[in-house]
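# Commentary on secondary and tertiary structure
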Amino acid sequence: MKRIEEQISSLSDSISAVEEELQKHNVPFLSSYKPTQTRARVQCSLSDPQLVSGALIDVAKHLGNLSFRVWEKMKDKVHFSPVILDPNTAHPRLYLSGDLTSVRNGDTKQQLPDNPERNTNYVNVLGSEGFSSGKHSWEVEVGDHPRWNIGLAKESADRKGEADASPKSGIWCLWHGDGKYTNGLGKTVTVKKRLQKIRVQLDYDGGEVSFYDPEHMTHIFTHRDTFTEKLFPYFCVGAAGDAKTADLKICQTDISL
């Protein structure tokens, strides 16, 4: 910076000298032009800058594996839900969260179209994706919610009528209400303590819908049947009353790459 300042000062002196020469008559100015130009060029000459190690931008560092680095920074902010609720199937009294991963029973009915997919008799909602093969699982946080029913329903299960939630009606579920758990066939299921979360596991080809307490993967019970059509995650949500947990929430899962 000191050298540059010195050069600027020298250049300013040269400019002043040229301006002074311009005040003279044309002939004297032209006769002294070359020496003035030479003096300015000599005084203002600067050597080429010397590059030192690390002076250039490390392009490889900033652009190498760029998409991976962006994903790495965002992965803690992006979450995956194994089940997304389908609002077109939700009973008008059910309110879904903005990300379609939780549902609660509201105080009033919403004005919604009575489309064929919508459940209108029971307060049910289905998942957006159905399964017709393979193994699938997800967990639902139920907390202290007093009345709920979760499991799987076949695509053709009645959504408008009075059919109950049982395998006979194409619904394989775990029901909770009045402080007890039943298997959808009227049989009480015994658990050691109140369930806070439920893990639903489908083995479509093996013909099994199983329920577990995910805290210690304690088996609750298993429905065994033969599935012939697409099955959808099924949720029935009663009024929460004074319970702390008003929403049934589908738990997020970790993704391994």
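Note that the structure is a prediction, hence the values are computed from the model and not measured. (Residues numbered from 1 in each chain as written. Predicted model: local features only at pLDDT ≥ 70, side-chain atom pairs only at ≥ 80, totals over all residues. Heavy atoms only, no water.)

### Description of unusual backbone geometry
What is expected of a backbone is that most residues other than glycine have negative phi and most peptide bonds are trans. Which entries qualify depends on this criterion: By the criteria applied, helices consist of DSSP H or I runs no shorter than four residues and strands consist of E runs no shorter than two, each listed in order from the N terminus.
Here Asp178, not a glycine, exhibits a phi torsion of approximately 55°, which is positive. Within the secondary structure, Asp178 sits in the loop between strand S6 (171-177) and strand S7 (180-182). Of note, the phi angle at Met217 is positive, near 50°, even though the residue is not glycine. As for its position among the elements, Met217 is in the loop between strand S10 (208-213) and strand S11 (218-224).

### Observations regarding the environment of Lys187
Applicable threshold: Only heavy atoms matter for contacts: two residues are in contact if any of them lie within 4.5 Å across the pair.
Relative to the assigned elements, Lys187 resides in the loop between S7 and strand S8 (188-189). Those residues in contact with Lys187, other than ones at most four positions away along the chain, are Tyr181 and Thr182.

### Here we look at the confidence of the model for the protein chain
Put simply, the test is: Note: pLDDT gives the predictor's confidence per residue, expressed from 0 to 100.
Averaged over all residues, the pLDDT of the protein chain equals 87, while 87% of them reach at least 70. For the protein chain, the element scoring lowest by mean pLDDT is helix H3 (residues 33-43), at 56; strand S12 (residues 231-237) scores highest, at 98.

### Focus on the sheet that holds strand S1 (residues 94-96)
Counted only if it meets this: Strands qualify as paired when DSSP identifies two bridges or more between them. Axes here refer to lines fitted to C-alpha atoms; in helices the fit is confined to the stretch in contact. Angles between the N-to-C directions go from 0 to 180 degrees.
Overall, antiparallel pairing links the seven strands, which are arranged S1-S2-S13-S4-S9-S10-S11 in an open sheet. Looking at the sheet topology across the chains shown, the edges are occupied by S1 and S11. Pairwise comparison of adjacent strand axes, ignoring direction, gives a mean angle of 20° for this sheet. Alignment of S1 against strand S2 (residues 102-105), held across three bridges, turns out to be antiparallel. Bridging across to S2, Tyr95 finds its partner in Arg104.

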